[in-house]
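Chain and residue survey
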Amino acid sequence: MEWVSEQLRLKVVYPKAGHATYEAATFLIGSVAAGLSNNDLQIKDAFGQCQTVTVSKSGYFSHQVNLASGDNTLILQLLDTDTITLVESLSFNIHRYPPLVALPESPVTCHL
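The structure reproduced in this document is the subject of the present report. (Residues numbered from 1 in each chain as written. Predicted model: local features only at pLDDT ≥ 70, side-chain atom pairs only at ≥ 80, totals over all residues. Heavy atoms only, no water.)

This next bit is on the packing of aromatic side chains. Summed over all chains, the structure comprises one aromatic pair. Seen in terms of ring centroids, Tyr22 and Tyr97 are 4.9 Å apart; in terms of plane orientation they differ by 40°. Their pairing is tilted. Highlighted residues: Tyr22 in the loop between β3 (20–21) and β4 (25–32) and Tyr97 in the segment after β9 (85–96), separated in sequence by 75 residues. Judged by relative accessible area, which is 44%, Tyr22 ranks as partly exposed. Judged by its relative accessible area of 35%, Tyr97 is partly exposed. (Phe/Tyr/Trp six-rings, centres within 6.5 Å; stacked < 30°, edge-to-face > 60°. Helix = DSSP H or I, 4+ residues; strand = E, 2+ residues; numbered from the N terminus. Buried < 20%, exposed > 50% of the residue type's maximum accessible area, 1.4 Å probe, protein only.)

Dropping the structure here:
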């Protein structure tokens, strides 16, 4: 299942709803409704940082975002570049599992 905004202007097709990962970052892949690609698309990540997302002329985007351990609420915001007003917002959650236990650096010897 993909994430779609209330007014259907923003869509994220990857990652799917319910996505969880061990990775420290993931890609967002999605689209903006036709005619809105010249507006400013921003994402606020789990660290509270806002980043500008590049949108193609045809309305598609792919953007890497860093993830904190645990739940990450990400907020995509489409802003009107002329009036600096919010056109549409989409909030979704990605869970990052804690890192796996690191393997020992020294080789393990087997005594048979």
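Bringing the nonpolar core into the picture now. In this structure, Leu28, Val32, Leu41, Phe61, Leu76 and Phe92 are the most contacted members of the largest nonpolar core, which totals 18 residues. Contributions of two or more residues to this core are made by β2 (10–14), β4, β5 (40–44), β7 (60–66), β8 (70–80) and β9. (Core = buried A, V, L, I, M, F, W, Y, C linked by side-chain atoms within 4.5 Å.)

Strand order in the open sheet formed by five strands is β3-β9-β8-β5-β6, with mixed pairing between adjacent strands. Bordering the open sheet on either side are β3 and β6 (50–53), each of which pairs with just one other strand. Inspection of the sheet shows β5 paired to β8 by five bridges, in the antiparallel sense. Across the sheet, residue Gln42 finds its bridge partner in β8, namely Gln77. (Pairing = 2+ DSSP bridges.)

The values are spatial; any link to function lies outside them.
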